[in-house]
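# Structural overview
Below, each chain spelled out in residue letters.
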Amino acid sequence: MNKIPITVVVSVKNEALNLPSCLEKLKRFDQIIVVDSGSTDETILIAANMGAEVVQFQWNGKFPKKRNWVLQNVNLRHEWILFLDADEFVTEEFVNEVAVKTLDPNYNGFTIQFENYFMGRKLKYGYGFQKSALFKKSKGAYEKIEEDLWSHLDMEVHEHPIIEGKVGVIKAKVVHKDFKNLEHYIAKHNAYSSWEAKRYLQLKDSKNEHLSLNQKIKYGLLNTGLLPVVYFMGAYFLKLGFLDGKEGFYLARFKSHYFFQIQTKVNSIKNNIE
């Protein structure tokens, strides 16, 4: 079988639990690169044994972070690049659709949609999750944010890709299912909220011309102090999250608390400055 001429970049750090399931589903792509950040578990051994190229990245606290660094410094054999996390698993339907749609010269990128799992349960309702993680390397890059170790996040998490030209949508979804425990989820989002608070304060002094619609809505609601309650009401009631049982309730509460963390950290930073 001819391999699909796409380079897949999987960003990792201590992902021994998730990585085997991720890589096993990528066999039809021609180039698989695992970009590691000094893992101390079996991540590197797993990647090498499964035939992936392994690259080490050490962040210096400045631009670029991991994914932009890969675009600038790593030998990417193909024009089309698919960026994945280790807890994101492609399906056969997704791979088939990508193989066809990336042949269309009218598109320079595609938005990917996700099928979300939380606490082991597949969620059918609540807010969907998507990102433009498939694009031509000559036509896109992740937004540049100047930061000086706001956090220890060495990878673009909330930075979104800026893509020249037409961006389509892949209809088949990628499965987002983290095999790590709830404690890991909470710790991860604590780090994310610290980054978001610093980013929010930085944005108040910039033009924000590259913000997506969702980012504009999020940061606008942060200004009002209503984002946590608005998110919960929207996810749990408007988007029918209650139909996902207790897991739907827990996720809506955790995400609304995440936004509450951002708001309180913004106030804390302001008070320290003033």
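Look above for the structure.
To keep things clear, this report deals only with the structure shown in the data block. Throughout this document, residue positions are counted from 1 along each chain, in the order its sequence is written. Where totals are concerned, whole chains, interfaces and linings use all residues; where local detail is concerned, this predicted model gives features only for residues with pLDDT of at least 70, and gives and counts side-chain atom pairs only at 80 or more. Think of the side-chain values as coming from all heavy atoms in the structure, minus any hydrogens and water.

So, about unusual backbone geometry. Here the residue pair Phe63 and Pro64 is connected by a cis peptide bond, since its omega of 5° sits within 30 degrees of zero. The residue Pro64 is located in the loop between strand S3 (53-56) and helix H3 (66-73) in this model. Here Asn14, not a glycine, exhibits a phi torsion of approximately 50°, which is positive. Of note, Asn14 is situated in the loop between strand S1 (4-12) and helix H1 (19-24). Where helices and strands are cited, they refer to DSSP runs of H or I of at least four residues and of E of at least two residues respectively, numbered from the N terminus.

All right, on to the packing of aromatic side chains then. The aromatic pairing rule takes the rings of Phe, Tyr and Trp, using the six-membered ring of Trp, and pairs them if the centres are within 6.5 Å, calling planes under 30 degrees apart stacked, those over 60 edge-to-face and the rest tilted. All told, the structure shown has 21 aromatic pairs when counted by the stated rule. Ring geometry for Phe232 against Phe237: centres 6.2 Å apart, planes inclined by 85°, an arrangement best described as edge-to-face. Three exposure classes are used, based on accessible area relative to the maximum for each residue type with a 1.4 Å probe and protein chains only: buried under 20%, partly exposed in between, and exposed over 50%. We classify Phe232 as buried; its relative accessible area is 14%. On the accessibility criterion, Phe237 (43% relative accessible area) is partly exposed. Their ring planes at 80° and their centres at 5.1 Å tell us that Tyr236 and Phe237 sit as a pair that is edge-to-face. Members of the aromatic cluster, joined through ring pairs, are Phe232, Tyr236, Phe237, Phe242, Phe249 and Tyr250.

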